Amino acid sequence: MPLIQLLNVDYSVGGPLLLDGIDFSIDAGERVCVLGRNGTGKTTLLRLLDGEIVPDDGELRRQASVRVTRLSQAVPQDTSGSVFDVVATGLGELGAQLAAFHHAAHDGDTEAMARAQARIEAGHGWDLDRRVEQTLTRLELDGEADFAALSGGMKRRVLLARALVSAPDVLLLDEPTNHLDIEAIQWLQDFLLGFAGAIVFVTHDRRFLRALATRIVEIDRGQLTDWPGDYDNFLRRREERAHAEAQANALFDKRLAQEEAWIRQGIKARRTRNEGRVRALKAMRAERAQRREKTGTAKLQLANAQASSRKVIEARNIGFRYGERVLVKDLTTTVMRGDRIGIIGPNGAGKTTLIRLLLGQITPDEGTLKVADGLEIAYFDQHRAELDETASAADNVAEGREFIELNGKRIHIMGYLQDFLFTPERARAPITRLSGGERNRLLLAKLFAQPSNLLVMDEPTNDLDVETLELLEERLADYQGTLLLVSHDRDFLDNVVTSTLALEGNGHIGEYVGGYADWLRQRPAPAAASPQAPPRKGDMAKPAIQTPVPKRKLSYKDQRELQQLPARIEQLECEIAERTAGMNDPGFYQRDSDTIVSANEALARLQAELDEAYARWEALEG
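Just so we're clear, the structure is a prediction, and the values are computed from it rather than from any experiment.

### Structural notes on the nonpolar core
Counting 47 residues, the largest nonpolar core has V132, L160, L171, L192 and I216 as the members making the most contacts within it. Setting aside residues no more than four positions away along its own chain, V132 makes contact with F84, V87, A88, L91, L98 and V165. Of all hydrophobic cores here, the second largest spans 44 residues; its members include I413, L417, A427 and L434.

Okay, structure coming up:
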């Protein structure tokens, strides 16, 4: 029996229904990813499942004992206190009393301690302290730390702990990877793979999606479609559906045009016309009027400036300190025209400082830096500081003008913003009304209207839907200038950049050919940890001189296993292909939920076996 069900649910916020007669269910142990364009209702679906809002029509069913918690996109601004206090509030009123007890204990207020303890005991909450401490240990958090002083990534981890402390059956996550660095994303991914409950999550991080999702649902024009299998299967089948829909719409429109031509014929034709055909035409007109067209795809176009010098930036042995902390040490690199350079590293490691150094905006403490003349720089700021909160979307881009110049063409601002999916109404509205995804698209519109030969982008992927993200990748590949890109999106880095600068600790910056996956292969292995100084989890690998390790000789057992692995891998791949083909049959989802869940779990087990087999093969071959 499903943990939660939505049956024929409608929900509207004005205009066409955001959710139109949708059915959705979540079973124990599932990990369901919700996809859709910005503004289609993904967050609304999570809020309905959480019970924060109620449907306009339809029914929400939830098992009586089911516990549901939700981690929202934004960190609440009013959250304060110690990490222990914040996590304890996830236990409701008794948790708030536990936080009050600890706060009073810290202040030495014995009366307040006694009052809080009496309320906790009255509510039979004797083990709450232990549950909070276990959760803190599990997520590697310091309960005494001040929440306000934490980095954005650590705040997200604390909020995840607050969501988990009540041991939920269903965990709802809205863009959980936003503003996390790569190490934190990998930690979260591994943690959620071991979570025993069901998960419903919204994400734009395709690698995170691929690793986590056992099922994908898509919201499109008010409808919710369930897609079995993995993300690549989803992309393939969605493309097939879109093609079939376009053909059906074209055929319908052709028939409608023919009927409209017939009804406009002369008087003689009207005397003898078939009244049933007239009624059919009226029905066709009504059906066409009710059709909801698919939201267009953003048409991103970059304004190119005159080509820069061949050598854009040349750094020789530059270093930079912030107080006692060394952020950059002995960096030598050359940026050539057309280079696409990714910059990666933990939050707070100094990625933005490195960009400012390379652009000559701050002076290095040592070494020499040469920046080419004639650079026209366009800068995408992750904090969106370039946007004027008091102005409309149109004025933010055109600065009061009606037309902008783009690659020699004069374009009306409303037409230009429509390419970025802004209706005239949204374009004229104050940007305080825009969602996070719309603000990111607006910043892209402002950035791309500015002629440039050096493009600097600091976390451009946050809040963008996957389709816009993929289009952005294509446009950056076509960009004629030079690109400096800071991103924690692993697939985005792999698809865009040609080289990577990695901040690896102690001021050392490693330079690698290729994207994130190439860095993983090339980076130096971490030095062996001593008992006195164990490495902190989440630290990036430190550079070290590696001594070549001779390839070990395989035992007879290992040799035999190595010989058998290719056949085993082939067998697993065939089984996965057969199961996936069966689950792709529309009739499969007419079966009972237990059969569907069992099939999904079996497919997940086979995929895990295949991954393990490949890993074992690589280990034995190495």
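### Some words on the sheet that holds strand β4 (residues 57-62)
Strand order in the open sheet formed by three strands is β2-β1-β4, with antiparallel pairing between adjacent strands. Among the strands making up the open sheet, the edge pair consists of β2 (19-26) and β4. On average, each strand axis in the sheet is tilted by 10 degrees relative to the strand beside it, whichever way the strands run. Strand direction decides the pairing type here: strand β1 (residues 4-11) and β2, joined by five bridges, are antiparallel. By the bridge assignment, Y11 is partnered in β2 with L19.

### Observations concerning the packing of aromatic side chains
For the structure on display, the rule yields three aromatic pairs. Look at W187 and F191: their rings are 5.3 Å apart centre to centre, the planes differ by 15 degrees, and that puts the pair in the stacked class. Highlighted residues: W187 and F191, both in helix α7 (residues 182-193), separated by four residues, approximately one helical turn. Seen in terms of ring centroids, F201 and F208 are 5.9 Å apart; in terms of plane orientation they differ by 90 degrees. Their pairing is edge-to-face. The ring of F403 has R410 lying over it, and the distance from NZ or CZ to the ring centre is 3.9 Å. Over the ring of F422 we find R441, and its NZ or CZ is 5.3 Å from the ring centre.

### Topic: the pattern of salt bridges
Taken as a whole, this structure holds 20 salt bridges when the rule is applied. The closest approach of N and O atoms between E473 and R206, which form a salt bridge, is 2.5 Å. Placement of the pair is E473 in helix α17 (residues 466-478) and R206 in helix α8 (residues 206-212), with a sequence separation of 267 residues. Per residue, the accessibility class of E473 equals that of R206, and both read buried. Note that K446 and E399 form a salt bridge whose closest N and O atoms lie 4.0 Å from each other. Highlighted residues: K446 in helix α16 (residues 436-448) and E399 in the loop between α13 (393-398) and β15 (403-406), separated in sequence by 47 residues. Assessed through its relative accessible area of 59%, E399 is described here as exposed.

### Regarding the packing of helix α3 (residues 92-107) against helix α5 (residues 128-138)
It is the contact of α3 with α5, at a shortest axis distance of 10 Å, that shows an interaxial angle of 85 degrees. In terms of orientation, α3 and α5 fall into the roughly perpendicular class. Residue-level contacts link L94, G95, L98 and H102 of α3 to L128, D129 and V132 of α5. Residues belonging to the contact of α3 with α5 are distributed by class as follows: four nonpolar, two polar and one charged.

### Let's talk about the sheet that holds strand β12 (residues 340-344)
Pairing is mixed across the open sheet formed by six strands, whose spatial order is β14-β17-β18-β12-β19-β20. Each edge of the open sheet carries a strand with a single partner, namely β14 (377-380) and β20 (509-513). For this sheet, the mean angle separating the axes of adjacent strands, direction not counted, is 15 degrees. Two elements, β14 and strand β17 (residues 454-458), share four bridges in a ladder whose sense is parallel. Pairing of F380 across the sheet is with M457, part of β17.

### So, α7
For α7, built from 12 residues, the straight-helix expectation of 16 Å at 1.5 Å per residue is met to within 8% by its first-to-last C-alpha distance of 17 Å. Of all the positions in α7, only I182, A184, I185, W187, L188, Q189, F191 and L192 are classed as buried.

### Digging into the pairing of β12
Looking down a regular strand, the side chains alternate between one sheet face and the other. Most of β12 is tucked away: five of the five residues are buried. Alternating residues of β12 divide into R340, G342 and I344 and I341 and I343, and every residue in both groups is buried. Pairing of β12 with strand β18 (residues 482-486), which is carried by four bridges, proceeds in the parallel orientation. Bridge pairing in β18 links I341 to L484. Of the strand pairs in this sheet, β12 and strand β19 (residues 499-503) are connected by four bridges, and their pairing is parallel. Counterpart to I344 in the pairing with β19 is A502.

### A short note on the confidence of the model for the protein
Looking at the protein, the pLDDT average stands at 79 and 84% of residues meet or exceed 70. Per-element mean pLDDT across the protein ranges from 50 in helix α10 (residues 267-272) up to 94 in strand β7 (residues 198-202). Low pLDDT, under 50, characterises residues 528-552; the stretch is placed with 31 contacts to residues that sit more than four places away or in other chains.

### Comments concerning the environment of G400
Residue placement: G400 occurs in the loop between α13 and β15. Assessed through its relative accessible area of 57%, G400 is described here as exposed. Spatially, the C-alpha atoms of G400 and I413 are 9.7 Å apart, while their sequence positions differ by 13 residues.

Quick notes on the rules
- Residues numbered from 1 in each chain as written.
- Predicted model: local features only at pLDDT ≥ 70, side-chain atom pairs only at ≥ 80, totals over all residues.
- Heavy atoms only, no water.
- Core = buried A, V, L, I, M, F, W, Y, C linked by side-chain atoms within 4.5 Å.
- Buried < 20%, exposed > 50% of the residue type's maximum accessible area, 1.4 Å probe, protein only.
- Contact = heavy atoms within 4.5 Å.
- Pairing = 2+ DSSP bridges.
- Helix = DSSP H or I, 4+ residues; strand = E, 2+ residues; numbered from the N terminus.
- Axes fitted to C-alpha atoms, helices over the stretch in contact; angles between N-to-C directions.
- Phe/Tyr/Trp six-rings, centres within 6.5 Å; stacked < 30°, edge-to-face > 60°.
- Lys NZ or Arg CZ within 6 Å of the ring centre and 35° of its normal.
- Salt bridge = Lys/Arg side-chain N within 4 Å of Asp/Glu carboxyl O.
- Parallel < 35°, antiparallel > 145°, perpendicular 65-115°, else oblique.
- Nonpolar A, V, L, I, M, F, W, Y, C, P; charged D, E, K, R; others polar.
- Expected span 1.5 Å × (residues − 1).
- pLDDT = per-residue confidence, 0-100.

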